[in-house]
Amino acid sequence: MDKLFDIVFLDETFEFLSKLDKKHYEKILFNIRKAQTRHDPELFKKLKNEIWEFRTLYQGIHYRLFAFWDKTDSGNILIISTHGIVKKTSKTPDSEIRKAEQVRSRYFEDKEINSKAKK
């Protein structure tokens, strides 16, 4: 099957995943691979503005990896994962969404600066 997008994990996402039990980490990656091949809001869902979340429920624990799209390269659609949390309430904390929005803004600012520097 063709992938709908590639994924890039930022450092904070790696740190979050590295602290998890191996089976939980593997389940999250399994769900991300499934989300790469089909549209499934149970696995990958838009939250607010430009922020999305990868969703995993494993052994009664709700994991969320926050992310945004980078479609600036016409040949390669990327999803950038900013960070992850163990979700403890029914509503996703606004502070986590704001954090992802800030990372998104910095990401595109840095990308713009780097593209101008290459010219």
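That block above? That's the structure.
Rules of the game
- Residues numbered from 1 in each chain as written.
- Predicted model: local features only at pLDDT ≥ 70, side-chain atom pairs only at ≥ 80, totals over all residues.
- Heavy atoms only, no water.
- Helix = DSSP H or I, 4+ residues; strand = E, 2+ residues; numbered from the N terminus.
- Buried < 20%, exposed > 50% of the residue type's maximum accessible area, 1.4 Å probe, protein only.
- Core = buried A, V, L, I, M, F, W, Y, C linked by side-chain atoms within 4.5 Å.
- Pairing = 2+ DSSP bridges.
- Phe/Tyr/Trp six-rings, centres within 6.5 Å; stacked < 30°, edge-to-face > 60°.

**Some points on unusual backbone geometry**
Next up, step 1: Even without being glycine, Asn49 reaches a positive phi, approximately 50 degrees.
Next up, step 2: Counting through the fold element by element, Asn49 comes out in the loop between β2 (44-48) and β3 (51-58).
Next up, step 3: Phi angles above zero are rare outside glycine, and Gln59 is one such case at about 50 degrees.
Next up, step 4: One can find Gln59 in the loop between β3 and β4 (61-70).
Next up, step 5: Exposure remark for Gln59: the relative accessible area of 60% places this residue in the exposed category.

**Brief notes about the nonpolar core**
Next up, step 1: In this structure, Leu17, Ile28, Ile32, Phe44, Phe54 and Leu65 are the most contacted members of the largest nonpolar core, which totals 17 residues.
Next up, step 2: Where this core is concerned, the elements lending two or more residues are α1 (11-18), α2 (22-35), β3 and β4.
Next up, step 3: Here this core takes four residues from α2, the largest share from any one element.
Next up, step 4: The next biggest cluster of nonpolar side chains, apart from the first, holds ten residues, and it includes Ile51, Ile85, Ile97 and Ala100.

**Remarks on the pairing of β3**
Next up, step 1: Burial analysis of β3 places seven of its eight residues in the buried class, which makes it a mostly covered element.
Next up, step 2: Inspection of the sheet shows β2 paired to β3 by four bridges, in the antiparallel sense. In the strand pairing of β3, Phe44 is matched with Phe54.
Next up, step 3: The antiparallel hairpin formed by β2 and β3 contains two residues in its connecting segment, where Asn49 sits at a positive phi of about 50 degrees.

**A look at the packing of aromatic side chains**
Next up, step 1: Under the definition given, this model contains twelve aromatic pairs.
Next up, step 2: Geometrically, the ring pair formed by Phe5 and Phe54 is tilted, given 6.2 Å between the ring centres and 50 degrees between the ring planes. Of this pair, Phe5 sits in the segment before β1 (6-9) while Phe54 is found in strand β3, placing the two residues 49 residues apart along the sequence. Comparing Phe5 with Phe54 shows no difference in burial state: the two are buried.

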